[in-house]
Amino acid sequence: MVYEMKFFADTASVKKIAELKTINLVNGVTTNPSLILKEGKDFHKIAREICSLVSGPVSLEVSSTSIKEMRVEANKLIEISDNVVVKLPLTWDGLKLCRELSDKGIKVNMTLCFTLNQALLAAKAGSHFVSPFVGRLDDSNIDGIELIKKIRITYDNYQFNTKILAASIRSQEHIERCALVGADAITAPPEILHVMADHPLTEKGLAKFLEDWAKSNQKI
Ligand code: G3P
């Protein structure tokens, strides 16, 4: 199988998504209620703008917990655009709805995943994506990347098709380690994607090249 590691933007900022898009760093977008709050704008307006800007999957999260209410919200979310992925919490009701939506061909992203068991349940329920929260596990002194590794091995053992979308990415190191253990995709805040390009030796080397070029009195 041909594999490309996908990069998703974990943000609800249309401006930041547009900038990342210029270098193919937006294979998709993930949002959540906290990211919507941070933008301080109308949810439907933001969702429509992001979905028209990005052709890949855009995860929009439900904001209730009972299957009945989540179903109503999910049906509204998929009306927004064809590329909407319904983001559901990894709870028992979330899993039930995941199975229901997946059976209808609607893509689901099961979020707030913290264990291999939860990832197994998401796969059994037919979820398109599972989102293990790397940084929040690290916050609890549990190695988040180890979870990504365990899910990768297990999904491969049983040929589950659910994609591992590593979330709660807080550093360049997280991204490197996700790539090494075979996450299908990472979703990171734009600021983290930006610093991936930084290295002090790159800056130092560039300064020296510019200095020498100036001394050469030449032009390109
Ligand atoms: O993708 C989930 C993400 O938005 C949560 O990140 O840093 O709040 O744990 P964080």
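One structure accompanies this document, and this report is about it.

Definitions and cut-offs
Residues numbered from 1 in each chain as written. Predicted model: local features only at pLDDT ≥ 70, side-chain atom pairs only at ≥ 80, totals over all residues. Heavy atoms only, no water. Buried < 20%, exposed > 50% of the residue type's maximum accessible area, 1.4 Å probe, protein only. Helix = DSSP H or I, 4+ residues; strand = E, 2+ residues; numbered from the N terminus. Arc of directions from axis to C-beta. Contact = heavy atoms within 4.5 Å. Polar contact = N/O pair within 3.5 Å; in protein donor to acceptor, adjacent residues only side chain to side chain. Near = heavy atom within 4 Å. Areas by Shrake-Rupley, 256 points an atom, 1.4 Å probe, with all protein chains shown as cover. 1 Å grid on protein atoms, 1.4 Å probe; cavity = no way out; pocket = protein on both sides within 12 Å on 5 of 7 lines; lining within 4 Å. Sits in = over half its atoms within 2 Å of the grid points. Nonpolar A, V, L, I, M, F, W, Y, C, P; charged D, E, K, R; others polar. Points joined across faces, edges and corners; volume = space filled by probe spheres on them.

Further remarks concern helix α3 (residues 43–53). For an α-helix, the turn length of 3.6 residues means that residues three or four places apart are oriented alike. Inspection of α3 places Ile46, Ala47, Ile50 and Cys51 among the buried residues, and these make up the whole buried set. Seen along its axis, α3 keeps its buried residues to an arc of 125 degrees; they face one direction. Tucked into the core, α3 has its buried residues touching α1 (14–21), β2 (28–30), α2 (33–39), β3 (58–61), α4 (67–80) and β4 (84–89). The N-capping residue of α3, defined by a side-chain oxygen 3.3 Å from the backbone nitrogen of His44, is Asp42.

A word on the site of the ligand. For the ligand, the full set of nearby residues is Asp10, Asn32, Phe133, Arg136, Ala167, Ser168, Arg170 and Thr187. At 2.7 Å from an oxygen atom of the ligand is found a side-chain nitrogen or oxygen belonging to Asp10. In this structure, Arg136 approaches the ligand through a side-chain N or O atom, which is 2.6 Å from an oxygen atom. Coverage of the ligand by the protein chains reaches 80% of its 310 Å² of free accessible surface. One can see that the ligand is located within the largest pocket. Grouping the constituent residues of the shell around the ligand by class yields 2 nonpolar, 3 polar and 3 charged.

Bringing the side chain of Asn109 into the picture now. The residue Asn109 is located in strand β5 (residues 108–113) in this model. A distance of 3.1 Å separates a polar atom in the side chain of Asn109 from a polar atom in the side chain of Ser59. Contacts of Asn109, omitting those with residues within four sequence positions, involve Thr30, Ser59, Val85, Val86, Lys87, Leu88, Ser127, Phe129, Val130, Ser131 and Leu165.

For the rest of this paragraph, the subject is the environment of Gly135. Within the secondary structure, Gly135 is located in helix α7 (residues 134–139). When the C-alpha atoms of Gly135 and Val58 are compared, they prove to be 21 Å apart, with 77 residues separating the residues in sequence. With residues up to four places along the chain from it excluded, the contact list for Gly135 reads Ala167, Ser168, Arg170 and His174.

On to the layout of surface pockets, then. What the largest pocket holds in volume is close to 330 Å³. Lining of the largest pocket is provided by 22 residues; of these, Asp10, Asn32, Leu35, Arg136 and Pro189 occupy positions nearest its centre. Looking at the lining of the largest pocket, the elements that each hand over two or more residues are α2 and α10 (190–195). For the lining of the largest pocket, the element with the highest residue contribution is α2, accounting for 4 residues. Here the lining of the largest pocket is composed, by residue class, of 7 nonpolar, 7 polar and 8 charged.

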